[in-house]
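Architecture and fold: a report
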Amino acid sequence: MRPLIRTARCWLLRARVRAMATLPTAPPATAISFTTRPLYTPSSRSHRRLLARFFSVAPASAGARGLRAAASAVEVGGVKIAREVDVVKEDDLTNNVPDTIFSKIGLQLHRRDNHPLGILKNTIYNYFDKNFTGQFDKFDDLCPLVSVKQNFDDVLVPSDHVSRSYNDTYYVDGQTVLRCHTSAHQAELLRDGHTHFLVTGDVYRRDSIDSTHYPVFHQMEGFRVFSPDEWSGSGMDGTAYAAAELKKILEGLARHLFGAVDMRWVDTYFPFTNPSFELEIYFQDDWLEVLGCGVTEQEILKRNGRRDHVAWAFGLGLERLAMVLFDIPDIRLFWSNDKRFTSQFSQGKLGVKFKPFSKFPPCYKDMSFWINDAFTENNLCEVVRGIAGDLVEEVKLIDNFTNKKGMTSHCYRIAYRSMERSLTDEEINNLQLNVREAVKDKLKVELR
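Presented here is a report on the structure given in the accompanying data block. (Residues numbered from 1 in each chain as written. Predicted model: local features only at pLDDT ≥ 70, side-chain atom pairs only at ≥ 80, totals over all residues. Heavy atoms only, no water.)

1. Section: the side chain of K121
Among the structural elements, K121 can be located in helix α5 (residues 116-131). The class for K121 is buried, based on a relative accessible area of 4%. Polar contacts involving the side chain of K121 include one to the main-chain carbonyl oxygen of H110, which spans 3.3 Å. For K121, the residues in contact, after removing those within four places along its chain, are H110, R111, D140, T200 and M220. (Helix = DSSP H or I, 4+ residues; strand = E, 2+ residues; numbered from the N terminus. Buried < 20%, exposed > 50% of the residue type's maximum accessible area, 1.4 Å probe, protein only. Polar contact = N/O pair within 3.5 Å; in protein donor to acceptor, adjacent residues only side chain to side chain. Contact = heavy atoms within 4.5 Å.)

2. Comments concerning the environment of D153
In this structure, D153 sits in the loop between α6 (148-151) and β5 (171-173). What makes D153 partly exposed here is its relative accessible area of 34%. For the pair D153 and I300, spaced 147 residues apart in sequence, the C-alpha to C-alpha distance is 10.0 Å. Setting aside chain neighbours within four positions, we find D153 in contact with V148, R164 and R303. Polar side-chain contacts of D153 include one of 2.6 Å to the side chain of R164.

3. Observations concerning the packing of α5 against helix α11 (residues 318-325)
At a closest axis distance of 10 Å, the pairing of α5 and α11 adopts a crossing angle of 100°. In terms of orientation, α5 lies roughly perpendicular with respect to α11. Contacts from L117, L120 and I124 of α5 reach α11 at L318, E319, L321, A322 and L325. Class assignment for the residues of the contact of α5 with α11 results in seven nonpolar, no polar and one charged. (Axes fitted to C-alpha atoms, helices over the stretch in contact; angles between N-to-C directions. Parallel < 35°, antiparallel > 145°, perpendicular 65-115°, else oblique. Nonpolar A, V, L, I, M, F, W, Y, C, P; charged D, E, K, R; others polar.)

4. Quick word on empty space enclosed by the protein
The full count for this structure, using the stated rule, is two cavities of 30 Å³ or more. Roughly 150 Å³ of internal volume is contained in the largest cavity. In terms of lining residues, the largest cavity is bounded by 15 residues, among which Y214, P215, R385, G389 and D390 are the most central. Taken together, the residues of the lining of the largest cavity break down into seven nonpolar, three polar and five charged. (1 Å grid on protein atoms, 1.4 Å probe; cavity = no way out; pocket = protein on both sides within 12 Å on 5 of 7 lines; lining within 4 Å. Points joined across faces, edges and corners; volume = space filled by probe spheres on them.)

5. What about the packing of aromatic side chains?
All chains considered together, the criterion is met by 24 aromatic pairs. Here Y214 and W335 contribute two aromatic rings whose centre-to-centre distance is 5.7 Å and whose plane-to-plane angle is 25°, an arrangement assigned as stacked. You can see Y214 sitting in the loop between β7 (196-204) and β8 (216-226) and its partner W335 sitting in the loop between α11 and α12 (339-342), a full 121 residues away along the chain. Comparing Y214 with W335, the two get one shared label, buried. Through a chain of ring-to-ring contacts, the aromatic side chains of Y127, F128, F132, F136, W312 and F314 assemble into a single cluster. The ring of W287 carries R264 above its face, with NZ or CZ at 4.1 Å from the centroid. Seen from the ring of W370, R448 lies directly overhead, with NZ or CZ sitting 5.0 Å from the centre. (Phe/Tyr/Trp six-rings, centres within 6.5 Å; stacked < 30°, edge-to-face > 60°. Lys NZ or Arg CZ within 6 Å of the ring centre and 35° of its normal.)

6. Here's the deal with the packing of helix α13 (residues 377-388) against helix α14 (residues 425-443)
Relative to each other, α13 and α14 sit at 140°, their axes nearing to 9 Å. As the angle between them shows, α13 and α14 are arranged oblique. Crossing of α13 over α14 shows right-handed handedness. Where α13 approaches α14, its residues N379, L380, V383, V384, I387 and A388 are matched on the opposing element by L431, N434, V435, A438, V439, K442 and L443. Of the residues belonging to the contact of α13 with α14, the class tally is 10 nonpolar, two polar and one charged. (Left-handed = near helix turned anticlockwise from the far one by under 90°.)

As structure tokens, then:
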């Protein structure tokens, strides 16, 4: 919604967002969902009409409010972020951010020393402090509102990349998003003169609903710049020198977190690094992808005043690693305030195994409908989250078919389960009724 009055603070916040830059660190390969969904541009008039139909999500129910109800403003890194002014603009057709997402801004789980994510972050910090004393600057309180340029252009994400879609990214308006990766701050930090840094923060992506996916999660990335004199006597070119040091550092980090484990490097592709790699470790009888990394594309360095330099970058998802290290079975638990969860973890104690405190049964509800050309599963999950919040455990396609008229039907099974209490039949039936109505109204599908 466009405010009638804009304060000077609002203009300063917008100016800050427009001015900030981004980073070419490689997020984990699983972080971006590559699909064949069509891409749309924020300026497309016809798409703005589609946004009005498909992205206005119903107000959050009691189950959707999570840790706190959506306040009118939150503060991150000394910057006050107002709901209606800066994030949730209900009358702006380019906005697709619901209250359920705004309610997570400012919670910063990674800054809580007794939280699994905070414990993991500090353990990684300790590794870099011990092995590279005083070299790496640390940032964990940067504003999550960034420009489209910061989030995509500055890290060389192609203009037709699926991650730019309204189906994948939360757009505040046509020029501003909730960051999809901590890479959105790299260019700014490079221009400010930083050559060694770690950036940790909450990131936002429209995603599916299951035990390992959540629309808000946390990333850390590292970045290191080399000047020509650092590799000149090594007998290697800058790229080979940077890649060799990168692998050595990250193998040490893996041992710091997981102990003596077998490792392997897998070649991969990221828009912002070349060459690019993934590190996998053999852990609990399986190969586990730990992170993505690579040697930074020269174009990024040239744009930010480092023409004759080389750099490496890595990115890792904190939840992904914490679920393995702490045996946490459901990503929703990270957001729980239940003392039976929070009391199990203590500052500095990595890898304490989570002890389940409840076995509340799930309740399954099926929903079938004829889809239209604009239907996507991510849009469905957004609508379900908007009604049920963290009470929805999974949304899974269990059947589909196309009839003789060419109409396609999907049947989804929705699993409702609280991690903290038993749900009543009345509560679930009301939720499902509201979900059905919202799906019909917001996605313009025909229920069966």
